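Below are the chains, spelled out letter by letter.
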Amino acid sequence: MMFKLACGDVMPGCSARFEHRDRGDLLGQVAAHAASAHGIADITPEIFAAVDSKIAYAA
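Residues numbered from 1 in each chain as written. Predicted model: local features only at pLDDT ≥ 70, side-chain atom pairs only at ≥ 80, totals over all residues. Heavy atoms only, no water.

Engineer: Residues and numbers for the layout of surface pockets, please.
Structural biologist: Quantified by volume, the largest pocket comes out at close to 210 Å³. Contributing to the lining of the largest pocket are 15 residues, with V30, A34, I43, I47 and V51 lying nearest its centre. Elements with a contribution of two residues or more to the lining of the largest pocket: α1 (23–38) and α2 (45–52). If one sorts the elements of the lining of the largest pocket by residue count, α1 sits on top with six residues. By residue class, the composition of the lining of the largest pocket is 13 nonpolar, two polar and no charged. (1 Å grid on protein atoms, 1.4 Å probe; cavity = no way out; pocket = protein on both sides within 12 Å on 5 of 7 lines; lining within 4 Å. Points joined across faces, edges and corners; volume = space filled by probe spheres on them. Helix = DSSP H or I, 4+ residues; strand = E, 2+ residues; numbered from the N terminus. Nonpolar A, V, L, I, M, F, W, Y, C, P; charged D, E, K, R; others polar.)

Here it is as structure tokens:
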């Protein structure tokens, strides 16, 4: 199973895309990107929920 996320689904206009077999590793990549590209250093429960709701699962 692959976990996928397009950042633009959460942050309109961002073209970054993430894909990983491990959901935790995917979220780590997304958190690092959020900090470096969007200046979001603190992942609040609301931000996590918005990101989590956009993660796609592919077999």
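Alright, that's what it looks like, and here's the rest.
Engineer: A description of the pairing of strand β1 (residues 2–6) should follow, citing residues and the corresponding values.
Structural biologist: Within a regular strand, side chains alternate between the sheet's two faces. Counting buried residues in β1 gives four out of five residues, a clear majority hidden from the surface. Examined bridge by bridge, β1 and strand β3 (residues 56–58) share three bridges and lie antiparallel to one another. Pairing of M2 across the sheet is with A58, part of β3. Inspection of the sheet shows β1 paired to strand β2 (residues 17–20) by four bridges, in the antiparallel sense. In the sheet register, L5 faces β2, and the bridge partner there is F18. (Buried < 20%, exposed > 50% of the residue type's maximum accessible area, 1.4 Å probe, protein only. Pairing = 2+ DSSP bridges.)

Engineer: Can you break down the side chain of H33 residue by residue, with the values?
Structural biologist: Topologically, H33 is positioned in helix α1. Residue contacts for H33: discarding those within four places in its chain leaves C7, C14, A16, F18 and H38. (Contact = heavy atoms within 4.5 Å.)

Engineer: With reference to specific residues and values, describe the sheet that holds β1.
Structural biologist: As summarised here, the arrangement of the three strands in space is β2-β1-β3, forming an open sheet in which the pairing is antiparallel. Each edge of the open sheet carries a strand with a single partner, namely β2 and β3. The mean inter-strand angle of the sheet, taken between neighbouring strand axes irrespective of direction, is 20°. Against the sheet, α1 engages β1, β2 and β3, with an angle of about 155° to β2. (Axes fitted to C-alpha atoms, helices over the stretch in contact; angles between N-to-C directions.)

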